[in-house]
Amino acid sequence: MSAGPHKFQSFQTMTGASTRDQTIEERYGIPENFLEIEVKNPQTHGFGRKMYTDYEILCRTNIPAFKLKQSAVRRRYSDFEWFRDVLERESTRVNIPPLPGKVFTNRFADEVIEQRREGLERFLQIKVLAAFIQDPNFSRDNYNY
């Protein structure tokens, strides 16, 4: 074995592929379609048995099906449960991901709220409904499910 320097070949040399530089538009332009969803800022409200936590859902998109290019709404866990049930009933060919589990003890502890927030964000990354994540006046009472 030689103790000399190793010679590495570039990918282009190895594959024979030719490349071209990106244009300014390709490098810095707005992507064709994008949808960014973030679940953040959990807030706990109420007292005693009436306590609940809701989460802020931020949405940024350029997809024409969405009425708003940017939005922020707040949703409770029970809203996510209802939304998932509707998706399961309406979609026979798409596997709807699970929500984070129901919590019965220490549900207002910071680490529990953070785990749930992360799980809700993962859920929304896979399947979304524009009204659910954009309309601050959204109410399940307006839907007949």
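Before any of the text, the structure's been laid out above.
Each chain carries its own residue numbering, running from 1 in the direction its sequence is written. Local features in a predicted model are, by the rule used here, given only for residues with pLDDT of at least 70; side-chain atom pairs are given and counted only at 80 or more, and totals for whole chains, interfaces and linings are based on all residues. Derived side-chain values reflect all non-hydrogen atoms in the structure, with water molecules and hydrogen atoms excluded from consideration.

Student: Mind showing me how you'd approach the sheet that holds strand β3 (residues 70–76) here?
Tutor: Two strands in a sheet stick together by hydrogen bonds in their backbones, pointing the same way (parallel) or opposite ways (antiparallel). The three strands are arranged β1-β2-β3 in an open sheet whose pairing can be described as antiparallel. Whereas interior strands pair on both sides, the edge strands pair on one side only; in this sheet they are β1 (35–45) and β3. For this sheet, the mean inter-axis angle between neighbouring strands, taken without regard to orientation, is 20°. Following DSSP output, two strands are said to pair if at least two bridges run between them. To qualify as a helix, a DSSP run of H or I must reach at least 4 residues; to qualify as a strand, a run of E must reach at least 2; elements of each kind are numbered from the N terminus. Taken together, the seven bridges between strand β2 (residues 52–61) and β3 define a ladder with antiparallel strand orientation. Across the sheet, residue C59 finds its bridge partner in β3, namely S71. Sheet contacts for helix α3 (residues 77–90): β2 and β3; angle to β3, the most-contacted strand, approximately 100°. The axes are straight lines fitted to the C-alpha atoms, using for helices just the contacting stretch, and the angles between their N-to-C directions are given from 0 to 180°. We call two residues contacting when some pair of their heavy atoms lies within 4.5 Å.

Student: So what exactly am I meant to see when it comes to the nonpolar core here?
Tutor: Each nonpolar core is a collection of buried residues, namely Ala, Val, Leu, Ile, Met, Phe, Trp, Tyr and Cys, held together in the definition by side-chain atoms within 4.5 Å. Residue exposure (1.4 Å probe, protein chains only): buried if accessible area is under 20% of the type maximum, exposed if over 50%, otherwise partly exposed. Grouped together as the largest cluster of nonpolar side chains are 19 residues, with contacts concentrated most on I57, F80, F83, L120, F123, L124 and F132. Of all the secondary-structure elements, those providing two or more residues to this core are β1, β2, α3 and α4 (110–126). Examining the composition of this core, we find that six residues originate from one element, α3, more than from any other.

Student: What exactly am I supposed to notice about the pattern of salt bridges here?
Tutor: Side-chain pairs of opposite charge can arise whenever the charged atoms involved come near each other. The salt bridge definition used is simple: a Lys or Arg side-chain nitrogen within 4 Å of an Asp or Glu carboxyl oxygen. Tallied over the entire structure, the rule returns seven salt bridges. Close ionic contact of K102 with E81 constitutes a salt bridge, the shortest N to O distance being 3.5 Å. Linking K102 in the loop between α3 and α4 with E81 in helix α3, this pair joins segments that are 21 residues apart in sequence. Under the relative-accessibility criterion, E81 is labelled partly exposed at 26%. Here R117 makes a salt bridge to E114, at a shortest N to O gap of 2.8 Å.

Student: Can you walk me through the pairing of β1 in this structure?
Tutor: Along a regular strand, successive side chains alternate from one face of the sheet to the other. Sheet analysis places β1 next to β2, joined by nine bridges and oriented antiparallel. Of the residues in β2, the one forming a bridge with E38 is L58. The turn joining β1 and β2, which pair antiparallel and follow one another in sequence, is formed by six residues; a positive phi near 80° is taken by G46.

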